[in-house]
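What follows is the residue order along each chain.
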Amino acid sequence: MKKKSPILKVLAAAILLSAAAIPFALAEPPKRPQIVNGSFEEPAIQGEAAFLTPSVPQDVERLKDAGWAFGFSTGICRAQEGYAERLTASDGRQVAFLQGDQQMSSNPNEPWNIFGIDMTGLEPGQEYEVSWDQAGRATDIGASALRVTVGLPASSGQPAIPLVDREPVTSKGAWETVSRRFTATGEVMRLNFNHFIVEPGNPHEGSESTLIDNVKIKKVANP
Ligand SMILES: [Ca+2]
């Protein structure tokens with residue numbers, strides 16, 4: 001009996017291997033909901049640049065790889081500095097901030113005091129839980145409030161769903177964990193944090209700030 005040539009053996013092995021791989025290739029990997037950079041550790045804020053304000057062009061450049069879309073008067077700062085003075089990060093070394101004043105934050109048509117991110121890997125109809133840590137700036141004397149929404153892209157024409165609707169941020173200089181549930185209506189949905197002044201502590205601009213850290217999403221197990 002003629003012996004199989006080494007080349008034929010290799011070919012046969014390759015065919016067997018690829019046949020075995022087909023079921024894995026066809027099976028769709030399970031979707032995992034994702035919020036990138038939910039702890040705001042990227043980019044690493046160095047030295048004097050304790051906080052960034054995207055109204056400054058070089059700061060827009062520095063924040064471009066953060067994964068989040070930052071509106072005016074928002075950004076990332078190091079813990080224990082700037083807006084996060086007297087506050088350690090709830091996770092890692094950096095946090096996000098929303099700084100606002102009465103006039104700016106009362107205009108819903110301008111991208112002031114708002115930042116957001118596209119959550120990916122969602123399954124329409126599936127319930128998810130979003131959680132984050134929030135704190136008011138330790139030295140603020142007025143009251144700020146947060147509106148957090150989840151929605152499809154603006155082109156969908158569907159209004160965003162409020163998870164938190166202008167609820168006061170009562171913990172100043174200390175973290176409070178908030179979690180809310182929603183049912184996905186698309187595979188990608190925008191999570192937005194919007195800061196408002198509800199009771200100005202003084203007439204000066206920028207008297208109130210909210211810090212956010214440790215933003216997470218998880219699937220809610222079906223009963
Ligand atoms: Ca962090």
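Here the structure is a predicted model, which is why all the values come from computation and not from measurement. (Residues numbered from 1 in each chain as written. Predicted model: local features only at pLDDT ≥ 70, side-chain atom pairs only at ≥ 80, totals over all residues.)

Caption draft 1: Inspection of the overall build of the protein chain at higher detail. The helix and strand tally for the protein chain stands at 3 helices and 10 strands. Moving toward the C terminus, one meets the helices and strands of the protein chain in the order α-α-β-β-β-α-β-β-β-β-β-β-β. Here the protein chain, with 223 residues, has 34% of them falling under the buried criterion. For the protein chain, long-range pairs separated by at least 24 residues make up 73% of all intrachain contacts whose partners lie at least 6 apart in sequence. (Helix = DSSP H or I, 4+ residues; strand = E, 2+ residues; numbered from the N terminus. Buried ≥ 20, exposed ≤ 12 C-beta atoms within 10 Å, placed from the backbone. Contact = placed C-beta atoms within 7 Å.)

Caption draft 2: Region of the structure containing the environment of Gln 46. Looking at the element boundaries, Gln 46 is found in the loop between α1 (6-26) and α2 (57-63). With 9 C-beta atoms packed within 10 Å, Gln 46 lands in the exposed category. Residues Gln 46 and Cys 77, 31 residues apart in the sequence, show an inter-C-alpha distance of 9.4 Å.

Caption draft 3: Just the sheet that holds strand β10 (residues 208-219), in detail. The strand order across the open sheet built from 5 strands is β2-β3-β10-β5-β8, with neighbouring strands paired in antiparallel fashion. The open sheet is flanked by β2 (74-78) and β8 (176-183), the only strands paired with a single partner. Along the sheet, successive strands turn relative to each other by an average axial angle of 35 degrees, direction set aside. In terms of strand pairing, β2 meets strand β3 (residues 94-100) through 5 bridges, oriented antiparallel. Pairing of Ile 76 across the sheet is with Ala 96, part of β3. (Pairing = 2+ DSSP bridges. Axes fitted to C-alpha atoms, helices over the stretch in contact; angles between N-to-C directions.)

Caption draft 4: Structural view of the confidence of the model for the protein chain. With 75% of its residues at a pLDDT of at least 70, the protein chain reaches an overall mean of 83. Across the protein chain, the element-wise mean pLDDT spans from 58 in α1 up to 98 in β8. (pLDDT = per-residue confidence, 0-100.)

Caption draft 5: Structural detail: the nonpolar core. If you look at the biggest cluster of nonpolar residues, it comprises 43 residues, and the most contacted ones within it are Ala 84, Val 95, Phe 97 and Leu 211. Contributions of two or more residues to this core are made by β2, β3, β4 (114-119), β5 (127-136), β6 (143-151), β9 (189-199) and β10. With 5 residues, the single largest contributor to this core is β9. Once residues lying within four places of it in the same chain are set aside, the contact partners of Ala 84 are Cys 77, Arg 78, Ala 79, Val 95, Phe 97 and Leu 211. (Core = buried A, V, L, I, M, F, W, Y, C linked by C-beta atoms within 7 Å.)

Caption draft 6: Here's a closer look at the environment of Glu 208. Structurally, Glu 208 is set in strand β10. Along the primary structure Glu 208 and Ala 145 are separated by 63 residues, whereas in three dimensions their C-alpha atoms are 9.6 Å apart.

Caption draft 7: How the structure looks around the pairing of β4. Taking burial as the measure, the 6 residues of β4 include 5 buried ones, the bulk of the element. Summarising the sheet, strand β1 (residues 69-70) and β4 pair through 2 bridges and their orientation is antiparallel. Residue pairing in the sheet places Phe 70 in a bridge with Phe 115 of β4.

Caption draft 8: Here's a closer look at unusual backbone geometry. Put simply, Glu 42 and Pro 43 share a cis peptide bond, and its omega is -10 degrees. With respect to the element layout, Pro 43 can be found in the loop between α1 and α2. Located in the positive-phi region is Asn 37, a residue other than glycine, with phi close to 55 degrees. Relative to the elements of secondary structure, Asn 37 occurs in the loop between α1 and α2. In this structure, Ser 73 is a non-glycine residue whose phi angle is positive, near 65 degrees. Examined against the element boundaries, Ser 73 turns out to sit in the loop between β1 and β2. The class of Ser 73 is buried, set by 24 C-beta atoms lying within 10 Å.

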